[in-house]
Amino acid sequence: MLDSLKVPAPSGKLLVARSGRGAERVAVPLAKTGSQITVRLVCLGPGAAKVTDGSGGSVLEVAGCNATAAYTTGFTGVRDDRVMRLAVRPTVQWRLLVWG
């Protein structure tokens, strides 16, 4: 799973670098609202993965987890984005990186 993380890092400060298994709530230490946020997800296991922002809006959706791909998206953060949620099946392994 780690080979797919060799993709160059986006600009900005790395705020979150977490690994785990199953669904997770992730605190994001945003310095200020209005910051550009980049989210990268690598996951391995059956089923889909979905990252939502603090208000429950979709940030990143993956139809099937595949450890040979790093899924990345960017958006402008707001106050509620200090918490993100990752929804996956309990057996899915993942790595979540957030820059801001």
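Overview of the structure.

What counts and what doesn't
- Residues numbered from 1 in each chain as written.
- Predicted model: local features only at pLDDT ≥ 70, side-chain atom pairs only at ≥ 80, totals over all residues.
- Heavy atoms only, no water.
- Helix = DSSP H or I, 4+ residues; strand = E, 2+ residues; numbered from the N terminus.
- Buried < 20%, exposed > 50% of the residue type's maximum accessible area, 1.4 Å probe, protein only.
- Lys, Arg positive; Asp, Glu negative; His and termini not counted.
- Salt bridge = Lys/Arg side-chain N within 4 Å of Asp/Glu carboxyl O.
- Polar contact = N/O pair within 3.5 Å; in protein donor to acceptor, adjacent residues only side chain to side chain.
- Contact = heavy atoms within 4.5 Å.

Considering the side chain of Asp-53
Inspection of the secondary structure assignment puts Asp-53 in the loop between strand S4 (49-52) and strand S5 (58-62). One buried charged residue, Asp-53, forms no salt bridge at all, with the nearest opposite charge on Arg-85 at 7.3 Å. A distance of 2.9 Å separates a polar atom in the side chain of Asp-53 from a polar atom in the side chain of Ser-55. Within the local environment of Asp-53, its side chain forms a polar contact with the backbone nitrogen of Gly-57, the two atoms lying 2.7 Å apart. Beyond its immediate sequence surroundings of up to four residues, Asp-53 is in contact with Val-59, Asp-81, Val-83, Met-84 and Arg-85.

Thoughts on the side chain of Arg-40
The topology assignment puts Arg-40 in strand S3 (residues 36-44). Taking the relative accessible area as the measure of exposure, Arg-40 reaches 5% and is therefore buried. There is a polar contact of 3.1 Å between the side chain of Arg-40 and the side chain of Thr-72.

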